[in-house]
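# Topology and contacts: notes
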Amino acid sequence: DSSDMSAVLDYLGTHYAEPNETYFGQAKGKNVVYLHLESMQQFLIDMKLPDSTGVMSEVTPFLNSLYHSNDSYSFSNAFHQTGQGKTSDAELMMDNSLFGLPQGSAFTQIGGDNTFQSAPAILGETGNYTSAVFHGNVGSFWNRDNVYKSFGYDYFFDANSSYTLTDENSVEYGLKDKLFFKDSAQYLEQLPQPFYAKFITVSNHFPFPKDEMNNTFSLDTGDETIDGYFNTVHYADAALAEFFQYMKDAGLYDNTIFVLYGDHFGISSSRNKTLAPLIGKNADTWNQYDDAMMQRIPLIIYDPGSGTGKISDVYGGQIDVLPTVLHLLGVDTASYVQLGQDLLSKNHEELVAFRNGTIVTDKYTILGNNVYSTESGNLIYQTPEVTEAVAAIRSKAETQLAMSDHIINGDLLRFYTPDGFVPVDKSEYSYLNSPA
Ligand code: GP9
Ligand code: MN
């Protein structure tokens, strides 16, 4: 009931990390484009493989250029925090700074009925933003056509309304990325500015199918999933480069910030030993610590022309992205119910709670009863001091996750409306070809 909500608000009062004044409002009024990078992992950044002529070449040349740009806030220690809800968990975190559930997908289980105070609504109300999602798959996947209304998305461009799917132009989960961006540009150009738009890519999805047209790297690891991954990643990277060109052609580029994030792992832990030699690691000594480190994802906030970018080695996760972005846009998050912390804040706490119980801080990686040094990967002998420090970290991580679960399971946001926020009325939203 509403008393549960006061416990949440008390917690948030102590957890909130205030904006860094150097960056606060730096991108105020700009369009926001989220690029959801299906199954992309951080080890891809700057990685090289021999191409078909044997020349070492970058797997993700375009992402690398953004990663190293002076106009980017890039994060080398950002982790995904998704659970069984995979893509939908990542979306939930990006739009709400709330975690997915311990089991299943919050999107499909309760998403449509709950009260949310999501980014599209916040920006719509505070900055007159128009919001839209672009996804070249059927809108009902992950219950999106339902959930997005509760989030306050004005438009949802999906396969039913906006893209024509054929066997040739699509893969299992929808339109191939290059075609997806090409077809989307016409709709994006017509959105009133400023806009908050999200593009959910799909080509780089398991099982990373072979495509003779996009066969840059001929690998032979003995695992077709791994061999295929680098080619579908390379294709997705090239698609991003084309999208940025569309943005330039449409004159939208300079007035937009781009948030690029990997949603979750593409290569499962069971395959990591096979992958290890390709990324310069030793398969024989590979262990659960290494698996945890593989959960890093690319996270780049690219603000063209800003010149104030940096590569930050701060430890954080997907839960932290929304407060970071809102602060860049000059929207203080103090009154909103967001479980993450601004990654650019001086008070950001370097603690990453995974949905499977793993916890990573800049110092410790906690896996069940084992504690590793995050820096060296060595097991740490648990002196009383270490035990005490680890207990405190565990308690913080458990609290953060529990608060989020209370909010979602108890639909607690219906008991609290941030100052000046007008609750979203789901019935005011309908998308072409989606059920009312
Ligand atoms: C489906 C796509 C894939 O539309 O977003 O979702 P995932 O399987 O990665 O959760
Ligand atoms: Mn996904």
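Relevant structure appears above.
To start, this report covers the structure provided alongside it. Because the structure is predicted, anything quoted here is derived from the model rather than measured.

A full pass over the atoms with the stated rule returns 10 salt bridges. Put simply, Glu-242 and Lys-178 hold a salt bridge, and the shortest N to O gap is 3.9 Å. With a gap of 64 residues between them, Glu-242 in helix 8 (residues 224-249) and Lys-178 in helix 7 (residues 177-190) connect regions that are remote in the sequence. Exposure remark for Lys-178: the relative accessible area of 23% places this residue in the partly exposed category. Note that Asp-405 and Arg-355 form a salt bridge whose closest N and O atoms lie 2.8 Å from each other. Here Arg-355 lies in the loop between strand 13 (351-353) and strand 14 (359-361) and Asp-405 lies in helix 12 (residues 384-409), a separation of 50 residues in the sequence. When its relative accessible area of 14% is taken as the criterion, Arg-355 is described as buried. Sharing partners across several salt bridges, the network here consists of Glu-91, Asp-95, Arg-144 and Lys-198.

Here we come to the nonpolar core. One finds Val-32, Tyr-34, Tyr-148 and Val-325 to be the most contacted residues of the largest nonpolar core, which totals 72 residues. Tallying contributions element by element places helix 12 first for this core, with 8 residues. Filtering out sequence-adjacent residues up to four positions away, Val-325 remains in contact with Val-32, Tyr-34, Ile-257, Val-259 and Ile-301. With 51 residues, the next largest nonpolar core counts Leu-49, Phe-208, Tyr-229 and Met-247 among its residues.

The subject of this paragraph is the sheet that holds strand 14. Pairing is antiparallel across the open sheet formed by 4 strands, whose spatial order is 13-14-15-16. Each having just a single partner strand, strand 13 and strand 16 (370-373) make up the two edges of the open sheet. The sheet shows a mean angle of 15° between the axes of neighbouring strands, taken without regard to direction. In terms of strand pairing, strand 14 meets strand 15 (residues 364-367) through 2 bridges, oriented antiparallel. Counted as the bridge partner of Ile-359 is Ile-366 from strand 15. Sheet contacts for helix 12: strand 13, strand 14, strand 15 and strand 16; angle to strand 15, the most-contacted strand, approximately 70°.

This part covers the site of ligand 1. The full set of residues close to ligand 1 is Glu-38, Lys-86, Thr-87, His-135, Asn-137, Phe-141, Trp-142, Arg-144, Tyr-173, His-205 and His-264. Between ligand 1 and Arg-144, the relevant distance is 2.8 Å, taken from an oxygen atom to a side-chain nitrogen or oxygen of the residue. Within the side chain of His-264, one N or O atom sits 3.2 Å away from an oxygen atom of ligand 1. Out of a free accessible area of 310 Å², ligand 1 has 95% covered by protein chains. Classifying every residue of the shell around ligand 1 gives 3 nonpolar, 5 polar and 3 charged.

Attention now moves to the coordination of the manganese ion (ligand 2). Protein-derived ligands of the manganese ion (ligand 2) are Glu-38 (OE), Glu-38 (OE), Thr-87 (OG1), Asp-263 (OD) and His-264 (NE2), with the metal-ligand distances lying across 2.0 to 2.5 Å. Every donor counted, the 6 donor atoms about the manganese ion (ligand 2) form angles of 55 to 170° at the centre, which fits irregular coordination. Site description for the manganese ion (ligand 2): donor spacing in sequence, E-x48-T-x175-D-H. With Thr-87 in helix 3 (residues 86-96) and His-264 in the loop between strand 10 (256-262) and helix 9 (272-275), this residue pair connects regions lying 177 residues apart in the sequence. Under the relative-accessibility criterion, Thr-87 is labelled buried at 7%.

The next point concerns the pairing of strand 9 (residues 195-200). By the criterion of burial, strand 9 is predominantly enclosed, with 6 of the 6 residues buried. Residues Phe-195, Ala-197 and Phe-199 of strand 9 are buried on one face, and the alternating residues Tyr-196, Lys-198 and Ile-200, pointing to the opposite face, are buried as well. Pairing geometry for strand 1 (residues 31-37) and strand 9, over 5 bridges, is parallel. Across the sheet, His-36 pairs through a bridge with Ile-200, a residue of strand 9. Note that strand 5 (residues 130-135) and strand 9 share 6 bridges and pair parallel. The partner of Val-133 across the bridge, within strand 9, is Lys-198.

This part is about empty space enclosed by the protein. Following the criterion strictly, the structure yields 5 cavities of 30 Å³ or more and no others. Volume-wise, the largest cavity comes out at about 100 Å³. Lining the largest cavity are Leu-12, His-15, Tyr-16, Ala-17, Pro-323, Thr-333, Ala-334, Tyr-336, Gln-338, Gly-340, Gln-341 and Asp-342.

What follows concerns the packing of helix 1 (residues 2-15) against helix 12. Direction vectors running N to C along helix 1 and helix 12 enclose 140°, while the axes themselves pass 11 Å from each other. What the angle tells us is that helix 1 and helix 12 run oblique. Where helix 1 crosses over helix 12, the two elements pack in a sense that is left-handed. For the pair formed by helix 1 and helix 12, the contact residues are Ala-7, Val-8, Tyr-11 and His-15 on the first element and Thr-399, Gln-400, Met-403 and Ile-407 on the second. Its residues assigned to classes, the contact of helix 1 with helix 12 shows 5 nonpolar, 3 polar and no charged.

What counts and how
- Residues numbered from 1 in each chain as written.
- Chains lettered and ligands numbered in written order.
- Predicted model: local features only at pLDDT ≥ 70, side-chain atom pairs only at ≥ 80, totals over all residues.
- Heavy atoms only, no water.
- Salt bridge = Lys/Arg side-chain N within 4 Å of Asp/Glu carboxyl O.
- Helix = DSSP H or I, 4+ residues; strand = E, 2+ residues; numbered from the N terminus.
- Buried < 20%, exposed > 50% of the residue type's maximum accessible area, 1.4 Å probe, protein only.
- Core = buried A, V, L, I, M, F, W, Y, C linked by side-chain atoms within 4.5 Å.
- Contact = heavy atoms within 4.5 Å.
- Pairing = 2+ DSSP bridges.
- Axes fitted to C-alpha atoms, helices over the stretch in contact; angles between N-to-C directions.
- Near = heavy atom within 4 Å.
- Polar contact = N/O pair within 3.5 Å; in protein donor to acceptor, adjacent residues only side chain to side chain.
- Areas by Shrake-Rupley, 256 points an atom, 1.4 Å probe, with all protein chains shown as cover.
- Nonpolar A, V, L, I, M, F, W, Y, C, P; charged D, E, K, R; others polar.
- Donors = N, O, S within 2.8 Å, 3.2 Å for Na, K, Ca; no water.
- Tetrahedral: all angles 85-135°; square planar, octahedral: opposite > 155°, others 65-115°.
- 1 Å grid on protein atoms, 1.4 Å probe; cavity = no way out; pocket = protein on both sides within 12 Å on 5 of 7 lines; lining within 4 Å.
- Points joined across faces, edges and corners; volume = space filled by probe spheres on them.
- Parallel < 35°, antiparallel > 145°, perpendicular 65-115°, else oblique.
- Left-handed = near helix turned anticlockwise from the far one by under 90°.

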